[in-house]
Amino acid sequence: MTKRSITQRMALNTSSKTIEQHKPSFKASTTTELATQAIRHGMKWTIFRPEHGVFLAEGNGYILRPCKVEGPPTQFDPSHLSISFEIIPDPSTISQESNTVYIPSPLVDALFFGILPGYHPLHLPNYRIGTTADVYTTMTSLDPTGTATKKIRDNRHPSFAPTCLFGFSDIIPLAAPMFRQRNSTIVRVPIPAQYTVGLLTHKEGFVVFRHRLAEHLASLETPPPPMLSWVQDQYLQLMRAWPEWEDEVLANSQINNRSLEFLDACHDAWEHCSQYLEALETRYAARGHFYRDLMAAHLKNAVNWWHQAWNRMREGTARDNYGLRDYIAEGMHLYWDYLETDLIFEEMRRERGWEVEKEVVREAWVVMVFRGFCWWRCHWMMEGQDMCEAPERLGSEYYVELGDGVDGRSAKEEEYVVVAEK
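Residues numbered from 1 in each chain as written. Predicted model: local features only at pLDDT ≥ 70, side-chain atom pairs only at ≥ 80, totals over all residues. Heavy atoms only, no water.

Asks: Just give me the short version of the nonpolar core, but keep the residues and values in it.
Replies: Judged by nonpolar contacts, the single largest core of 94 residues is most densely connected at F209, M295, W365 and F370. Dropping the residues within four chain positions of it, F209 is found in contact with V231, Y235, M332, W336, W365, V366, V369, F370 and F373. Counting twelve residues, the second-largest nonpolar core is a separate cluster that includes A35, A38, Y102 and F112. (Core = buried A, V, L, I, M, F, W, Y, C linked by side-chain atoms within 4.5 Å. Buried < 20%, exposed > 50% of the residue type's maximum accessible area, 1.4 Å probe, protein only. Contact = heavy atoms within 4.5 Å.)

Asks: Mind laying out the pattern of salt bridges, listing which residues take part and the relevant values?
Replies: As enumerated under the stated definition, the model contains 22 salt bridges in all. A salt bridge links E204 to R325, with the nearest nitrogen and oxygen atoms 2.8 Å apart. Highlighted residues: E204 in helix α8 (residues 203-219) and R325 in the loop between α13 (305-315) and α14 (326-340), separated in sequence by 121 residues. Its relative accessible area of 5% is what places E204 among the buried residues. Connected through shared salt-bridge partners, R212, E215, R312, R319, E330, D337 and E340 make up one network. (Salt bridge = Lys/Arg side-chain N within 4 Å of Asp/Glu carboxyl O. Helix = DSSP H or I, 4+ residues; strand = E, 2+ residues; numbered from the N terminus.)

Asks: Explain the packing of aromatic side chains to me, and be specific about the residues and the numbers.
Replies: Counted under the stated rule, the structure contains 24 aromatic pairs. Taking the centre distance of 5.6 Å and the plane angle of 50 degrees together, the rings of F209 and W336 count as tilted. Of this pair, F209 sits in helix α8 while W336 sits in helix α14, and the two are 127 residues apart along the sequence. Taking the centre distance of 5.3 Å and the plane angle of 80 degrees together, the rings of W336 and W365 count as edge-to-face. Of the two residues, W336 is situated in helix α14 and W365 in helix α16 (residues 358-377); the sequence distance between them amounts to 29 residues. No difference in accessibility class separates W336 from W365, as the two residues are buried. Connected via pairs of aromatic rings, a cluster forms that spans F206, F209, W230, Y235, W245, W336, W365, F370 and F373. For R153, the ring lying beneath its charged end belongs to Y136, and the centroid distance is 3.9 Å. In this arrangement the basic side chain of R371 is found over the ring face of Y119, its NZ or CZ atom lying 5.2 Å from the centre. (Phe/Tyr/Trp six-rings, centres within 6.5 Å; stacked < 30°, edge-to-face > 60°. Lys NZ or Arg CZ within 6 Å of the ring centre and 35° of its normal.)

Quick look at the structure:
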């Protein structure tokens, strides 16, 4: 196997400091990373056939396309792939489309391909959720009885909601690490599955959670566990300071323009919850992975909420929806029912062998769900060109490396080297 290198020019046609500040930084990458980095910077691929030297991505003030190759087309060698990356000199385009930029992170890039990175301090693996088959395989790994997987299949019946993953989509905020970066308001991440929203996203879920938590604490005959009181206090502080805490429509309208102070507050709360759950994981390390089993027990019950909520609506037995969408509000009531009727506790005890106090499971569940709320307010997923349409093309042999520049070139031009393995 030999390597051949050719020099390419990356022309950066800039005309203002504004554009210079938005100039993307491409570093050593495979063709896969080239594709994802273009999307990171708010571009959309309209053509992607790098094996033929043909590709075009546009958007957010950028154009990514191949240079014109010298010589007749019949002599074109795909290993000599020329890349011209131009920045359109139009600051207004960049400012208008700033919300198309993704969080720059290799972990976020995995979402493009239907891979949900797991939060390693809680011993969570990466989960594949990009296709229907992946969802079934992942849910079966979390619930070997197959009960939850069957429920997902039933929910996705063509006569009901063929594209929805009710309850299962909670795996995203419960399993993923914090992608959002400190001192940044960029919150957009790609959609890793066909359906990603859920009760931990919607205002209805937040509001019912707040009321049910207050009722739960009021019903206790002994002083509440410290973390339950902390969750309630933190929730109320966030609600009073920022209306977008409960209102996902307001939060989603801001996208990458959310308040930095709001994001930091949600980020801090998420970290505090993570530390609490990591301490539980350490305490029970000899018995297994507590958090993974707690999350699995939640998901096994959560996949039932949609049908059960609609049944209650038809029967007239739904609870207070606080003036919001009734079936979604009823869904969060059902989540609390699963907790307070001990369905989650019994799943932990009988099916997973956890001999722990009921209060431990209940407290951990409340913290886990609140942590999921915090995660969602630090991230935003939108429909569009997120998952790459042809990932099999992205594992090619092309490598793009940053060069050192060439004498006589303008300071606004950078040198790239493309190395192809044969």
